[in-house]
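Here is how the chains run, residue by residue.
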Amino acid sequence: MRLECVPNVSEGRRPEVVARLVRAVAAPGVAVLDVSSDPDHNRSVLTLAGEPGALLDGLLALYAEALEAIDLGRQTGVHPRVGAVDVVPFVPLAGAAMSDAIAAAEALGAAVAERFDLPVFLYEEAARRPGRSLPEIRRGGVAGLAARMASADWHPDFGPARLHPRAGATVIGARFFLIAFNVVLAGADLGVAQAIARAVRASSGGLPALRAIGVWLESRGRAQVSLNLLDYRRTSLATALSAVAQEAAARGARVERTELVGLAPEEALLGSLAELLALPSLTPGRVLENRLRETGEDLPRHAVEGA
């Protein structure tokens, strides 16, 4: 039984630190599938897969390294965060159930609190209290969470009812596949990006199962709408991008490029392509490489490279 795990750490500007974090988490039995870092967000997203026990060992090593290398009091970046290891979601893969992901989240939460004296908030499917969504936990940033923790209603699920002096808090949970998708705009300032985000996100009456924020990318001199698709079956990548493009055009801006953070399920990518092409019959079985692999073959190298 295997799970996907996607820890988000508050470091995206020091490649040597990110490399140490990756080495730490790569315990026996843990596959590191992807590492995506961004200096403006000052954040790295690691995509892992493995058995729950192996993931637990690797993640505890990741926390140990992160708590040594990251001081949240000095960390800056445009992405909201409350912890050095900010959020750690578990996602069931084939052969696993959501209950397995919840059990892994609870086991990690208990272990992190005990070993590192770190407050742990459970969220999404693993949440034990109402209102423990990720945006609500992050509301107001570190200062906002610290203020709420003074109330018994906002004590963490594990660990002390106070923030760690360097590492803040950590949010651990279980969920369906989430797709992090950024849209970089041309001809837009921060205000325009924020207005677009308000227009398209679910909390403002926009598209279902979509979260969005507008940020400014100082290193690129561009505004960005950062999207989280909580359920691509309800709002596809194509639908989300179309909505952002329409809202941008109405404000005199345009989509310059998009970015996929981490990995996305094939179904989500092919589904959006089918939507754009008006080709409902586009399924994994219509992809040449997939059919060839079923027979133990693959495309010749020159075909892949276009030579």
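Shown above is the structure to which this text applies.
A brief structural summary. Just so it is clear, the model here is predicted, and its values are computed rather than measured. Each chain has its residues counted from 1, following the order in which its sequence is written. Side-chain atom pairs in this predicted model are given and counted only at pLDDT of 80 or more, local residue features only at pLDDT of at least 70, and totals for whole chains, interfaces and linings cover all residues. Computation of side-chain values covers all heavy atoms of the structure but excludes hydrogens and water.

1. Points about the packing of aromatic side chains
Aromatic rings from Phe, Tyr and Trp, with only the six-membered ring used for Trp, were paired whenever their centres fell within 6.5 Å, and each pair was classed as stacked if the ring planes differed by under 30 degrees, edge-to-face if by over 60, and tilted otherwise. Counted under the stated rule, the structure contains four aromatic pairs. Here F176 and F177 contribute two aromatic rings whose centre-to-centre distance is 5.5 Å and whose plane-to-plane angle is 75°, an arrangement assigned as edge-to-face. Buried means the residue's accessible area, taken with a 1.4 Å probe over protein chains only, is under 20% of the maximum for its type, while exposed means over 50%, and partly exposed covers the values in between. Residue class for F177 comes out partly exposed when judged on its relative accessible area of 21%. Through pairs of rings, three or more aromatic residues link up here, namely F176, F177 and Y232. Only Lys NZ and Arg CZ are tested; either one counts as a charge over a ring when it is within 6 Å of the ring centre and within 35 degrees of the ring normal. Here R148 stacks its cationic end above the ring of W154, 5.0 Å away from the centre of that ring. Positioned over the ring face of F176 is R233, at 4.0 Å from the centre of the ring.

2. So, the pairing of strand β3 (residues 30-38)
Bridge count between β3 and strand β4 (residues 43-50): eight bridges; the pairing is antiparallel. Residue D34 lies in a different strand from β4, and its bridge partner there is T47. What sits between the antiparallel neighbours β3 and β4 is a turn of four residues, in which N42 has the positive phi angle 50°. Strand pairing requires that DSSP identify at least two bridges connecting the strands. Numbering goes from the N terminus for both helices and strands, where a helix is a DSSP run of H or I of at least four residues and a strand is a run of E of at least two.

3. A word on unusual backbone geometry
The bulk of non-glycine residues show a negative phi, and the bulk of peptide bonds are trans. One non-glycine residue with positive phi stands out, namely E124, at about 55°. In this structure, E124 sits in strand β6 (residues 120-124). At A209, a position not held by glycine, the phi torsion is positive, near 55°. On the basis of relative accessibility, which here comes to 11%, the residue A209 falls in the buried class.

4. A word on helix α1 (residues 15-25)
Within the sequence span of α1, burial applies to V17, V18, L21, V22, A24 and V25. When α1 is viewed along its axis, its buried side chains cluster within an angular range of 160° and face the same direction. Among the exposed residues of α1, those oriented more than 90 degrees off its buried face are P15 and R23. Contacts from the buried residues of α1 go to β2 (8-9), β3, β4 and α2 (52-69). Each C-beta atom gives one direction from the helix axis, and the arc is the one those directions make. Any pair of residues with heavy atoms lying within 4.5 Å of one another is described as a contacting pair.

5. Considering the pattern of salt bridges
If the charged atoms of two oppositely charged side chains come close together, the side chains can form a pair. Salt bridge, as used here, is a side-chain nitrogen of Lys or Arg placed within 4 Å of a carboxyl oxygen of Asp or Glu. Summed over the entire model, instances satisfying the criterion amount to 17 salt bridges. Here E11 and R14 are joined by a salt bridge, their closest N and O atoms 2.8 Å apart. By relative accessible area, R14 is classed as partly exposed at 31%. Each of D38, R220 and E259 takes part in salt bridges that share partners, so that together they form one network.

6. Here we look at the nonpolar core
Core analysis: the biggest nonpolar cluster contains 42 residues, and L59, Y63, V88, F90, L108 and I172 have the highest contact counts within it. Those elements that provide at least two residues to this core are β1 (3-5), α1, β4, α2, β5 (85-92), α3 (98-116), β6 and β7 (170-174). Apart from residues no more than four positions distant in its own chain, V88 is found in contact with C5, V6, P7, L59, Y63, L108, V171, I172 and G173. Formed by 25 residues, the second largest nonpolar core is a distinct cluster that contains V192, L207, Y232 and A243. Residues enter a nonpolar core if they are buried and are Ala, Val, Leu, Ile, Met, Phe, Trp, Tyr or Cys, with the set joined through side-chain atoms within 4.5 Å.

7. Remarks on the packing of α1 against α2
All axes here are fitted lines through C-alpha atoms, helices being fitted over the stretch that makes contact, and every angle between N-to-C directions spans 0 to 180 degrees. At a minimum axis distance of 7 Å, the contact between α1 and α2 shows a crossing angle of 155°. With respect to α2, the axis of α1 lies roughly antiparallel. In terms of crossing hand, the pair formed by α1 and α2 is right-handed. From α1, V17, R20, L21, A24 and V25 reach across to α2, where they touch G58, L59, A61, L62, E65, A66, E68 and A69. Geometric relationships in this document are graded by angle, where less than 35 degrees denotes roughly parallel, more than 145 denotes roughly antiparallel, 65 to 115 denotes roughly perpendicular, and other angles denote oblique. In a left-handed crossing the near helix is turned counterclockwise from the far helix by less than a right angle, and in a right-handed crossing that turn is clockwise.

8. Some details on the sheet that holds strand β9 (residues 210-217)
On the basis of which strands lie adjacent, the open sheet formed by four strands has the order β9-β10-β8-β11 and antiparallel pairing. The open sheet has two edge strands with one neighbour each: β9 and β11 (254-261). Taken over all neighbouring pairs, the strand axes of this sheet differ in orientation by 25° on average, direction set aside. Bridge count between strand β8 (residues 179-186) and β11: seven bridges; the pairing is antiparallel. Looking across to β11, one finds that V183 is bridged to T258.

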